[in-house]
Amino acid sequence: MTRTAFRRALPVLGMAALLLMSPEVGPGAYASPAHLAGNARLYTPPPNAGAVTHIAELARAGRTRDAALLATMVGTPQAVWFTGGTPAQVKAEVRNTVRAAARRDTVPVLVAYNLPFRDCSQYNAGGALNRADYLAWIDAFASGIGHHRAIVLLEPNGLGLIPFYTDLWGVQEWCRPADDAGNPQPGASPAERFAALNGAVDRIGRQPGARLYLDATHSDWLGTEEATDRLLKAGLKRARGFFLNVSNFQPTPHELKFGTWISNCLAFAENPEDGGWRLGQHKLCASQYNPADHTDFSTWWKTDEWYAQNMGGAVPTTPFVLDTSRNALGPNWMRAYAGPPYHQPPDVVNLLAEGNWCNPPGRGLGLRPTTNTRVPLLDAYLWVKNPGESDGACAITGGARAWDFSAYNPWQVPAERQPTFDPLWGMTDPDSRQWFRESALELARLADPPLNRR
């Protein structure tokens, strides 16, 4: 679809689509990070090429409502991801992005995603070969920012998946990258991971307009105390704060409590009151797992109460940001697949629930991105995961799906195709970051608040 053809479709797409194709205009001026809170306008990057084609085809087919919804979705501010390339390439790409944002007097959200052993060699495997290469890449990434304003999210999953890590409770991380002989991969160690992240914090921290946030996973992953401990080891005290729920689906109320508890825990364990006995004692902090039951939100008041009773004079000050790009309806726990017409056995439903991060159906866009949150400690709601882009080819082979085709197979998928087939969508999913038409339309239609509401 050419630019001219897409412009012809604009009357049915609304102003959101028009803005996508308009030249960047407006003055750009440097402002300090302090000026980002509350009144910052966030940057909208160019849309995925697959989205442009999809919207134009819907418009030509007379499906103007769907076309307008998708145009609004891709015309909403969202993050720009940097996932590889040479140092020279990433420097140029970052520089082009921050300059484009400055011309519109907006602030870009930049995601650095290139750690060695990224995603523990799963769906988003890749990353730099070693720490030296990574820090050279990060140095170029930071140089590309220059003196421009930017919100920087450093390495999603980088603190959730640490190779060969043992947590506060003595539990060993399942992420254990090995070579063909079964030996640990060189550089796959907690020490290397924390050294890489601390180096990145130091380098990005020299950019005066950058607000840097580190990975605290989400409320259905690390506990409050564990997230706090890992954040501090990664250099949190030299960053602005932390981020939550990137590329996930946890409900906003859950994440607001979780983020507040992490900030509480940081203050609790850094407070010299009571003779200093609790300094560094993050393990003592209450979490969504204790005394609350993380599966029952009605019990989370217990953790609120613990902090109310134990903070003393400690005051939480560490802020966070929250990805709301797909969380309006929360996670899909896959329970519907136990009943008709699917009749999947309990073990399959349990495995589907474990893979519910990967292109789950029936999800919706969440709160719109803004820095005007009116929530203590929350710097911004953001769309970090670019909605409409696939999480990957979610299938049995990759471990993100399970299915008993003998119980339900209306597609007549032969045995040889079943390991790479996604039964939740009835198709083979697009590769990671490719436009997923069916998922994109669901996200837009099920948005809360609705996309057609200003």
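Structure's up top.
Fair warning: this is a prediction, and the values are worked out from it, not measured in the lab.

1. A closer look at the overall build of the protein
Helices and strands together make up the secondary structure of the protein, namely 12 helices and 7 strands. Taking 2.2 N^0.38 as the reference for a compact globule, 454 residues should give roughly 22 Å; the C-alpha atoms of the protein span a radius of gyration of 22 Å, in line with that estimate. With respect to the principal axes defined by its C-alpha atoms, the protein has extents near 70 × 60 × 50 Å. The buried share of the protein, taken over its 454 residues, is 54%. Here the contacts in the protein between residues at least 6 apart in sequence split such that 77% fall between residues at least 24 apart. Surface accessibility of the protein: about 19200 Å² in total, with carbon and sulfur atoms responsible for 52%. For the protein, the distance from the average site of its 42 positive side-chain charges to the average site of its 42 negative ones is 11 Å.

2. Some points on unusual backbone geometry
Residue P341 is bonded to the preceding P340 through a cis peptide linkage, with omega at 0°. Mapped onto the fold, P341 is located in the loop between strand 6 (320–323) and helix 11 (346–354). In this structure, the amide linkage connecting D448 to the following residue, P449, adopts the cis form with an omega of 10°. Mapped onto the fold, P449 is located in the segment after helix 12 (437–445). Non-glycine residue S247 carries a positive phi angle of around 65°. In this fold, S247 is placed in the loop between strand 5 (241–244) and helix 9 (252–268). Here the phi dihedral of Q412 falls at roughly 55°; this positive angle occurs in a residue that is not glycine. Along the chain, the position of Q412 falls in the loop between strand 7 (378–382) and helix 12.

3. Observations concerning the sheet that holds strand 6
If you walk across this open sheet you meet the 7 strands as 1-2-3-4-5-6-7, and the pairing is parallel. What marks the edges here is a single partner per strand, and that holds for strand 1 (80–82) and strand 7. Strand-to-strand twist in this sheet, taken as the mean axis angle between neighbours without regard to direction, amounts to 25°. Set on the sheet, helix 7 (residues 190–204) makes contact with strand 3 (150–154) and strand 4 (210–215); between it and strand 3 the angle comes to about 170°.

4. Quick notes on the packing of aromatic side chains
Scanning all chains against the criterion turns up 22 aromatic pairs. Aromatic side chains W403 and W411 sit 6.4 Å apart centroid to centroid with 55° between the ring planes, which places their arrangement in the tilted category. Judged by relative accessible area, which is 9%, W403 ranks as buried. On the basis of relative accessible area, W411 is assigned to the partly exposed category, the value being 28%. Among the aromatic residues, ring-to-ring pairing joins Y337, Y342, W403, F405, Y408, W411 and F421 into one connected group.

Cut-offs applied
- Residues numbered from 1 in each chain as written.
- Predicted model: local features only at pLDDT ≥ 70, side-chain atom pairs only at ≥ 80, totals over all residues.
- Heavy atoms only, no water.
- Helix = DSSP H or I, 4+ residues; strand = E, 2+ residues; numbered from the N terminus.
- Rg over C-alpha atoms; globule rule 2.2 N^0.38 Å.
- Buried < 20%, exposed > 50% of the residue type's maximum accessible area, 1.4 Å probe, protein only.
- Contact = heavy atoms within 4.5 Å.
- Areas by Shrake-Rupley, 256 points an atom, 1.4 Å probe, with all protein chains shown as cover.
- Lys, Arg positive; Asp, Glu negative; His and termini not counted.
- Charge placed at Lys NZ, Arg CZ, Asp CG, Glu CD.
- Pairing = 2+ DSSP bridges.
- Axes fitted to C-alpha atoms, helices over the stretch in contact; angles between N-to-C directions.
- Phe/Tyr/Trp six-rings, centres within 6.5 Å; stacked < 30°, edge-to-face > 60°.

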